[in-house]
Amino acid sequence: MTLKSNNVLRHGRFVGIAMFAAGLVFASPSADAANKADAKKFAATNKCPGCNLDGIKLKFARLNGADLKGASLKGANFSRAELKNADLSDAILTDADFSGAVMEGINLSNADLTEAGLERAFMKGAVAVQAIFIKAELEQANLENANLAGANFSKAELPDAVFLAADLSGANFTDADLSGAKLTDVKMPGVILRGADLEAANLERTNIENGDLRDAELGRARMQNANLKGGNLSGADFRKTNIMAATLDGAKLDGTDFSGARWIDGRKCGSGSKGLCK
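Here we summarise the structure given alongside this text. Predicted, not measured: the structure shown is a model, and the values here were computed from it. (Residues numbered from 1 in each chain as written. Predicted model: local features only at pLDDT ≥ 70, side-chain atom pairs only at ≥ 80, totals over all residues. Heavy atoms only, no water.)

1. Points about the nonpolar core
Defined as follows: Nine residue types can take part in a nonpolar core, namely buried Ala, Val, Leu, Ile, Met, Phe, Trp, Tyr and Cys, and a core is a set of them joined through side-chain atoms within 4.5 Å. Exposed residues in this analysis have more than 50% of their type's maximum accessible area, buried residues have under 20%, and partly exposed residues fall in between, with area computed by a 1.4 Å probe over protein chains only. Should any heavy atoms of two residues lie within 4.5 Å, those residues are counted as being in contact.
Counting residues in each nonpolar core, the largest one holds 86 residues, and the members touching the most others are F98, L118 and F163. Those residues in contact with F98, other than ones at most four positions away along the chain, are F78, S79, L83, L88, L93, M103, L113, G117, L118 and A121.

Written out as structure tokens, the structure reads:
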């Protein structure tokens, strides 16, 4: 190892070395000179806001604190990379791969992650306000304490994802798969869960006031002490769901199926309990 390399490592300026060691290349062999120039700039500085890095491969790379605000990273590979406290706000990340990546404290506000892969990604404390996760894969992703207000998760796959104490105010989960997800103590007033699958999910003490849960699947979910005040639960499936001590004031329950559910007063609802516990 050269003296120069020793000095780089000694001062912690390992970004470019780590990235090239992980294979900083483009998915397409026809990447133009502008892309390569942007990649070289990023390797040297860990910063490249607004750059074109489509298809870049950064698997296992250490990119903590990276500045990629507004960059185009379509189809980029960040699998198992470290992106703690990185800034990818306003970035285009469609079809990017973040599976198994460590993204604690990352900023993804207004970023487009349509059809991105984030399976098992660790995103505790992430900020992704108004981000787009349409049809994204987030199975077993950890979004504890994340700020996801206004984010769009329509048709996203989120089974067994963790959202403990996260902010999902006004988020859109239309037709999303949240089966088995952990949503305890989550703040999600005004959330859209229409047609979403929340079977066996944990929503204890969650605030879903004024939420849209029409036709949602909540069978066997745990919703003790949840706030469903003013929500629209029309046509939703609450069979065998525990809503003991939950708040339903002003909620619309037209056609809501509570068969076998544990009612707010502790009673077990009988078969055929539609719109009310019988």
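Still to come is the rest of the account.
2. Things to note about the state of the cysteines
Our working rule: Cysteine sulfur atoms that pair up within 2.5 Å are treated as a disulfide.
As enumerated under the stated definition, the model contains 2 disulfides in all. The disulfide partner of C48 is C51, and the S-S distance across this bridge is 1.8 Å. Since a negative S-S torsion denotes a left-handed disulfide, the C48-C51 link at about -80° is left-handed. Comparing C48 with C51 shows no difference in burial state: the two are buried. Covalently, C269 is tied to C277 through a disulfide, its sulfur atoms 2.1 Å apart. Between C269 and C277 the disulfide shows an S-S torsion of about -120°. By sign, it is left-handed.

3. Concerning the pattern of salt bridges
Stated precisely, the cut-off is as follows: What makes a salt bridge here is a side-chain nitrogen of Lys or Arg within 4 Å of a carboxyl oxygen of Asp or Glu, nothing more.
Scanning the entire structure with this criterion turns up 10 salt bridges. With its nearest N and O atoms 2.8 Å apart, the salt bridge here joins R267 to D265. Judged by its relative accessible area of 48%, D265 is partly exposed. Taken together, the salt bridges that share partners define one network made up of D185, E204, R205 and R222.

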